[in-house]
Every structure is written in C-alpha cells, then in structure tokens.
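Summary of structural features
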Amino acid sequence: MSGNRNPKGRQESPRELAMNVLTQVEQEGAYSNLLLNSALQKAALSKSDAGLATELVYGTISRLNTLDYFLDRYVNKGVAKLQPWVRALLRMSLYQVVYLDRIPDHAVVSEAVNLAKRRGHQGISGMVNGVLRNILRQKADLTIPEDMPAARRISLLHSHPQWLVERWIAQYGTEATEAICAANNEPPAVSVRVNTTMISREEMLKLMGSHGLDATPSPLSPYGIVVKGAGNMALTDWYRDGLISIQDESSMLVAEAIQPEPGMRVLDCCAAPGGKSAHMGELMKDEGSIIANDIHTHKGKLISDQASRLGLDSIMTVTGDALDLADRFEPASFDRILLDAPCSGLGVIRRKPDLKWGKSEEDIAEIAALQLRLLESVSSLLRPGGILVYSTCTMEPQENEGVVSAFLEGHAEFAIADDGLGSLSRLEEKSLLRGGGVQILPQHYHSDGFYIARISRQSS
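**Some details on unusual backbone geometry**
Looking along the chain, the bond that leaves A272 and enters P273 is cis, with omega of 0°. Mapped onto the elements, P273 comes out in the loop between β5 (265-268) and α14 (275-283). The phi dihedral of S159 falls on the positive side, at around 60°, and the residue is not glycine. Mapped onto the elements of the fold, S159 is located in the loop between α8 (150-157) and α9 (162-172).

Here it is as structure tokens:
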C-alpha cells in the first residue's frame, strides 16, 4: 500500500507521509525527491511538519544500511522479511532515536505505534512497540564496533554500500574515504551564483546583508555566495528578477574553466537544466552564441526558461542525442565546447542520498564507455586552438581521468590545455590533480564532488 491513504479524509501526519514515501521509494524504485515534493504539495502541511517529513525521508534513506544493521538485532526474522511499510516505519522511527535530538524517545514510540494501529492490525502494532521499547532499553549498545575491518566499519558508521567504500579505499586511501563518506552525510549548503551582467557579487552580498541574511562569499567560486538559514532562494525576488541562480559551488567552476569570451561560438553538449550554459552566457556578457543541447525536449524548456529569467539572448536550445551533434554541425566550428558528461553522479550523494544505494560497479564501467564515445564524437566540432572542457559530478577515476587519458591516447591532435587548469590552478593546494584535470572531493570545500579537465586542439 502506498500514497496518501486516508480512509476518512483525515489530514496526513508528517510521519505518515514520510512512511508512505519511503515505502513507495523502496517498492517502485522511484526518486525520493520527486515523490516527496508531490506528496508535500498534496498534503499542505505546516512549514515545520513539512520540514520534519523531509528530514525523515532523506535521513532514513541516507542511513539505510546502518538502521538495518541495528534493527536486525531486534527484529526476530530480520528486517528483510517485514512488510515494506512496516520496515519503513521501523527505519524512520530508529532514525529519530539515533540521529535526531529534538524528538523525545517516548514520542517516537507512541507515534509509531499509532501509525501501526491505523495501517495494520494489533499484532503489528504490538511488534513495533516491542521492538522500539527493546531498542530504547539498550540504546547504549547502538554503536559500530571499532575492531571491524576498515571498509565494513566505514560502511556502517557513515552509511554507504560496502562495495563503494572498498572501491574508494583502493582509489583514495582509508582516511580520505572516511572523510568522503562523512561529508556525504552533511546537509548541503545553499549556494547561489551571481548574474554579473546585472549586479556584482559585492553588491549582491550587501543587498542580502541589508535583508538580514547570513551571506558570505564562496571560497571556491568568485561568482558564488553561500547563504545560511535563508530557506528556498528560488522564492526570492532576486531569483525571479534574474540576479541570482541556485547552483553548487563546484558546478560554478565549469564555466570558468571554459574561459568563454564575448563573441565566441560555444557548444554545451548535455546542457540541462541550463546552469552552466547560463553562466557561460553571463561571462560572455551575452555577446556571441551558445548552442545548449539536451536529449530531452522537456529539459530544453528548462534551459530556455533559465535563459529568459536571466535576460540572456545568446543561448539557443536544441534537442537531440549528443552523439549526433557531429552530424548536425560543421566540423571545427566551435571556439569552446563543454561536455558535462552523463555520469554515475557519486559526487552529489549529499543532495541525492538514493544514489548510493542504486548504483553498481557495472554501471560505472558502462557509463565510462559512453563518456569516451561522446568525447570522441563532439571533439571533431572544436576548432584548432579552441578549448574543450570535460566535466563530471563524480569521483570515479574510471569516468574521469580514465576517459580523458583514453581519449588523448587515441587523438594526437588534442592535449591538456597549455595553461593546464587556467584560473582553476588556485584549487591545486586543496584538491587532487588527476590526469591533467582537477578532482574535487566533497570534503575539500564542503561542495559537490567534481572533475574538470581542459583539453585543447592543436593548431596544425
């Protein structure tokens, strides 16, 4: 059973809503953010109740394997044998007990028992009551043993799949892996990019300060501002009037790496939702042309909506497979190309906790093969002397420096740009230099994990 099941038109509680969403996510493999947004719109909860439901959904998904590890000690037949809604109820109840300080334990238990009574029969509510009370009596035992093998301990302490932890240990070492996993559980900061065709960052900071916002310059991007405790920035007049866009700080570095100049012809191969295209348009002072391509028609609309909100006329959207772009445009006809490649997305786990549970090693190998095909295909559109930026929001060497190295080996007329990282060389102190590009890990700047490499085509 799923959805907002209210037999008597009763107002759904935040916990009931969270339980329904968690059940659907597990049963249907649906995206938690889409399901949650839709459920919240229908339920019309108060701001604080909507906040609790959101915390319960994302927090429970984020800590899934740790919660199951603890629950398995107290559920007779094991968590896997429970009905999906009962499993969701116990997981989110335990999440509140272990990870949320502000909710008294007795309130967690009584809410869970009431929900179990409403949804199931007396036997289930009795079982839920028994399991949770038993856990509370032995709350001090809810710890991860220190003497476990490193990968298992990190996997359970920081709630990541063990195969992924093992993979990262092999790639980055144990200490860095633990830092990656810990950073992935931090709530993401709210960062905005200033539209410098309309206002400078300094002026925008003053404006935010005069409205009582806690706003500071991004340490990562000269165009970014980090805003604390301000709620949804997309609901502000500043956003509506095109003064700011919402974008992660790491993502802001990509347009800067392109170094687009007014009058240039630029191609953004996989452009939706349009943040990087728009940033390039801003850096070009809206002079020149940017072809922003995406495979999905509905996403093309997101790009054009962004451009019109920001007052940018230089962006033209086209729809199609990026692998076909070489057939649509003249060879060597672009000054700059951005291939922000489809990837495993493992650098954005803070924002999308479902990601870590849905991926496999096979997915990574498969997507790396596609990335190389895309790079080989679109590179023919770059003019000699031009710059192509290859970027991903992942930390997987196979998708990052592995793809860049394989491409350069097979294409003698291309090389890492003469000026290397360009203005991004300021990141060298904290980030990792990999395959001629820069690898940002989530703990470096408390931003998304990202890879950026700048490739040039030699003039013959």
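**A short note on α14**
Counted residue by residue, α14 has nine buried out of nine residues, so it is predominantly covered. Three or more residues of α14 are buried, namely G275, K276, S277, A278, H279, M280, G281, E282 and L283. Following α14 by one or two positions, K285 adopts a phi angle in the positive range, close to 55°.

**Re the nonpolar core**
Core analysis: the biggest nonpolar cluster contains 52 residues, and L17, V21, L89, L90, M92, L94 and V128 have the highest contact counts within it. For this core, the secondary-structure elements that each account for two or more residues are α1 (14-28), α2 (32-43), α3 (47-62), α4 (64-71), α5 (84-99), α6 (105-119) and α7 (122-137). Per-element tally for this core: the top contributor is α5, with nine residues. The contact partners of L90, leaving out residues within four places of it in the chain, are L71, V75, L82, M127, V128, V131 and L132. With 33 residues, the next largest nonpolar core counts A278, I387, A417 and I440 among its residues.

**Focus: the sheet that holds strand β4 (residues 244-246)**
Strands sit in the order β2-β3-β1-β4 across an open sheet of four strands; the sheet is antiparallel. In the strand order of this sheet, the two ends are held by β2 (214-217) and β4, each with one partner. With direction set aside, neighbouring strand axes in the sheet form an average angle of 35°. Summarising the sheet, strand β1 (residues 190-194) and β4 pair through three bridges and their orientation is antiparallel. Paired with V194 across the two strands is I244, which belongs to β4. Against the sheet, helix α11 (residues 201-210) makes contact with β1, β2, β3 (224-228) and β4, and its axis sits at roughly 15° relative to β3, the strand it touches most.

**Quick word on the state of the cysteines**
As enumerated under the stated definition, the model contains zero disulfides in all. Just so you know, C181 is unpaired, no disulfide at all, and the nearest cysteine sulfur is the one on C393, 17 Å from it. When its relative accessible area of 0% is taken as the criterion, C181 is described as buried.

Scoring rules and cut-offs
- Residues numbered from 1 in each chain as written.
- Predicted model: local features only at pLDDT ≥ 70, side-chain atom pairs only at ≥ 80, totals over all residues.
- Heavy atoms only, no water.
- Helix = DSSP H or I, 4+ residues; strand = E, 2+ residues; numbered from the N terminus.
- Buried < 20%, exposed > 50% of the residue type's maximum accessible area, 1.4 Å probe, protein only.
- Core = buried A, V, L, I, M, F, W, Y, C linked by side-chain atoms within 4.5 Å.
- Contact = heavy atoms within 4.5 Å.
- Pairing = 2+ DSSP bridges.
- Axes fitted to C-alpha atoms, helices over the stretch in contact; angles between N-to-C directions.
- Disulfide = S-S within 2.5 Å.

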